[in-house]
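Summary of the model geometry
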Number of protein chains: 2
Amino acid sequence: MRATIRDVAREAGVSIATVSRVLRDSTAVRPTTRDRVLAAADELEFVPSALGRQLAERRHAANGIVFPDLSGPYYAEVVLGYESVAAELGRSVLILSTRDRPDAESAVQAMAERCDGLVVLGRTVPDAAVERLVVRGAHVVMVARPPVGGADSVNARNRQGARALTEHLLDLDVRRLVFVGDPSTSPDVAERLRGIQEALPADADLQLHHVDSLDEECGAHVVGDYLTRALPDAFVCANDELALGMLGRLSAAGVDLPGRVKVAGWDDVMAARYAGLTTVRQPMRELGATAARLLDELISGSRSHPTHELLPTQLVVRSTTLGKVAP
Amino acid sequence: MRATIRDVAREAGVSIATVSRVLRDSTAVRPTTRDRVLAAADELEFVPSALGRQLAERRHAANGIVFPDLSGPYYAEVVLGYESVAAELGRSVLILSTRDRPDAESAVQAMAERCDGLVVLGRTVPDAAVERLVVRGAHVVMVARPPVGGADSVNARNRQGARALTEHLLDLDVRRLVFVGDPSTSPDVAERLRGIQEALPADADLQLHHVDSLDEECGAHVVGDYLTRALPDAFVCANDELALGMLGRLSAAGVDLPGRVKVAGWDDVMAARYAGLTTVRQPMRELGATAARLLDELISGSRSHPTHELLPTQLVVRSTTLGKVAP
DNA sequence: TTGAAAGCGGTACCAC
DNA sequence: GTGGTACCGCTTTCAA
């Protein structure tokens, strides 16, 4: 069995209190005693039990993060930014993916029991569940989702990015556009749609094309629907994957792009560059990093009132939206 | 403060032992007592402390996973496969990225204190450190890396994939090829290089082009070196990102591809499809899932001897390696 | 400067 | 069936 603090105490001929002091170099300990303890600890290869410590300190020194998936680059980047800051702050990171998980809510509850606070990404958990967490005293930061019941939040300026993108399209004489994506899947997507609506003049026409999920396959499928009827001037997709799926199918169908139809995505993932896809970049890693900092403030108690951060977005114009719409 | 088991016991007029029994429905408890306890627990909104339980049971019910990064799709997929299985087995997942972390080894040690076992991906931690973990009784599974000191391992058949790819290139009359990547960065990469060497006939020429990291930027940079000197028949890259970086730069330089030079990558990430990149697919998610299962066997004690799994790879031919080399 | 002892919140053995 | 109680491994008063 592994050595405990009592073994070290016995070996060094001191009390466990003294061993604890030495290991946490808190109170002053006589140097000779200190050395004896360190020698004993070294001799026994003593490593303090994280569990014992956590229970006594009543803190986990760990944060959680809940995300729907890690497939696309988006969530992976957010998680990375989060982990990086959390590690700096001396906290472990627990992850929980809700993909294909029917018991997501109970899983989140269980996770909340194992950490000092957690970040919830997007629409992974119902509002009511988040509120329940907060009421029970959990520290919660929402990312890519409007704040709920006093929780902190971090979001990208979706509306602003959407407006910039829309204005760019308007400059190209786009008048009929289709938004591809389901605003109900994610608050972020809903915001993007709203931004477009805000920037659109009365003489423009915006249709909404619902899709079941935001992946390439769905994008390709969407194109199929339009091959038998009129194409709009432009498709604006809820994310890049969707747009990339459309690109593939459009070019396979021989549609002139960006001449006949323009396509834009969202996120600026790596593949977007290769496809020459116009998109709106959002600071994915920074979203995670900011969430980690806010969470730390909540946990350490240095701030008690909720705060809501907005991070910038940036329009990235590439070849899928070049040239004016043919008259 | 949150209710503890003692509060519930008092409220229900029973001992804590009985409360514990009811909550874990272990030993038989009289139904009326049981109901009283459940009512009290419900009334007090009692949720058992994970820490208390873990300390008493002397298990964390959590697994760790150490990876270098999460930027590319590769590690993200592995982590996802891992998390998915771990969750099914009722274990939480702790993550640790070693990217830009000078104290990686101590961070891994700390993580090992917080979980029942962990998975180490690629060259994130020195062999000696892994051995130390194993010696101290930690359950360790290595992924994309040769086993160390009695740890389990899960790997893709890199050699086999590399041979298949090489034979494909040979069929196209490729004779002079350059392997782009640093075999010392990862055992996986070293295996791929070895596979190529094995499949190459004596009259073929294989050069090794070292790069500092396996990202697109490096790929683009590599191309720069060849614009002033002779191009090989084909570039085989250590991963897709590298290959994609090369593709962009090559086409910018107006090099005929795949006529003048062929390019192949590794992993089959999403962007590879859009770029029409020939590559070798490996079952990323399955690597993680398998690791989680092996780890569970280790932790549950259902297996004590180390085991080593090899997962299949698959050659995916696309447009970057079409047509024979011009004579 | 150091030690004894009371927690932290559970589990589980041993009596009754 | 239940209750008393001894842990699990550490931190932290309170005294000495």
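Calculation notes
Residues numbered from 1 in each chain as written. Chains lettered and ligands numbered in written order. Predicted model: local features only at pLDDT ≥ 70, side-chain atom pairs only at ≥ 80, totals over all residues. Heavy atoms only, no water. Near = heavy atom within 4 Å. Polar contact = N/O pair within 3.5 Å; in protein donor to acceptor, adjacent residues only side chain to side chain. Helix = DSSP H or I, 4+ residues; strand = E, 2+ residues; numbered from the N terminus. Nonpolar A, V, L, I, M, F, W, Y, C, P; charged D, E, K, R; others polar. Pairing = 2+ DSSP bridges. Axes fitted to C-alpha atoms, helices over the stretch in contact; angles between N-to-C directions. Contact = heavy atoms within 4.5 Å. Buried area = accessible area lost by both parts, 1.4 Å probe. Salt bridge = Lys/Arg side-chain N within 4 Å of Asp/Glu carboxyl O. UniProt positions renumbered as here; feature names shortened; annotations may be inferred. Least-squares fit on C-alpha atoms with pLDDT ≥ 70 in both.

Chain A goes by LacI family DNA-binding transcriptional regulator in an unreviewed UniProt entry, where it is assigned to Nocardioides agri.

Contacts to DNA strand C come from 30 residues, most closely from Thr18, Arg21 and Thr33 of chain A together with Ser20 and Arg53 of chain B. When atoms of DNA strand C within 4 Å of the protein are sorted by moiety, sugar and phosphate together comprise 55%. Contact between DNA strand C and Arg30 of chain A: a phosphate oxygen at 2.8 Å from a main-chain N or O atom of the residue. One of the side-chain nitrogen or oxygen atoms of Arg24 of chain B is found 3.0 Å away from a phosphate oxygen of DNA strand C. Of all the secondary-structure elements, those providing two or more residues to the surface near DNA strand C are α2 (16-23) and α4 (50-57) of chain A together with α1 (5-12), α2 (16-23) and α4 (50-57) of chain B. Of the residues forming the surface near DNA strand C, the biggest block, five residues, is contributed by α4 of chain B. Residue classes in the surface near DNA strand C are distributed as 14 nonpolar, eight polar and eight charged.

Moving on: the sheet that holds strand β9 (residues 262-264) of chain B. Residues and elements named next belong to chain B. Spatially, four strands are ordered β7-β6-β8-β9 in an open sheet, and the strand pairing comes out parallel. The strands lining the two open edges of the sheet, one partner per strand, are β7 (205-209) and β9. Put simply, the sheet's adjacent strands are angled 20° from each other on average, direction ignored. Of the pairings in the sheet, the one linking strand β6 (residues 176-180) to strand β8 (residues 234-237) comprises four bridges and is parallel in character. Following the sheet pairing, Val180 is matched in β8 by Cys237.

Quick look at the interface of chain A and chain B now. Tallying the contact residues gives 47 residues for chain A and 48 residues for chain B. At the boundary of chain A with chain B, total buried surface from both sides reaches about 4,100 Å², with 57% on carbon and sulfur atoms. Scanning the region where chain A abuts chain B turns up six salt bridges. The salt bridge involving Arg101 of chain A is made with Glu83 of chain B; its shortest N-O contact spans 3.0 Å. At the surface where chain A touches chain B, the tally comes to 25 residue pairs in polar contact (both at pLDDT 80 or more). Elements represented by at least two residues in the side of chain A that touches chain B include exactly α4, β1 (62-67), α5 (73-88), β2 (92-97), α11 (240-252) and α12 (270-275) of chain A. Among the elements that make up the side of chain A that touches chain B, the one with the highest residue count is α5 of chain A (seven residues). Grouping the constituent residues of the side of chain A that touches chain B by class yields 22 nonpolar, nine polar and 16 charged.

Moving on: the pattern of salt bridges. Residue and element names in this part refer to chain B. Within this structure, the stated rule accounts for 50 salt bridges over all chains. For the salt bridge of Glu198 with Arg159, the shortest nitrogen-to-oxygen distance reads 2.8 Å. Separated by 39 residues along the polypeptide, Glu198 in helix α9 (residues 187-199) and Arg159 in helix α8 (residues 158-171) bring together distant segments of the chain. Where Glu198 meets Arg163, a salt bridge forms, and the shortest distance between an N and an O atom there is 2.9 Å. Placement of the pair is Glu198 in helix α9 and Arg163 in helix α8, with a sequence separation of 35 residues.

The next point concerns the UniProt feature "domain: HTH lacI-type" (unreviewed entry) in chain A. UniProt's feature table lists "domain: HTH lacI-type" (unreviewed entry) at residues 3-57 of chain A, given in the numbering used throughout. Within the segment residues 3-57 of chain A, helix and strand shares are 67% and 0% respectively, and the terminal C-alpha atoms sit 20 Å apart.

This part is about the relation of the copies chain A and chain B. Rotating chain A by 180° and moving it 0.0 Å along the rotation axis overlays it on chain B with an RMSD of 0.1 Å. Put plainly, the chains are arranged around a two-fold axis. With an isologous cut-off of 70% or more, the 100% of interface residues of chain A that recur at the interface of chain B puts this contact in the isologous class.

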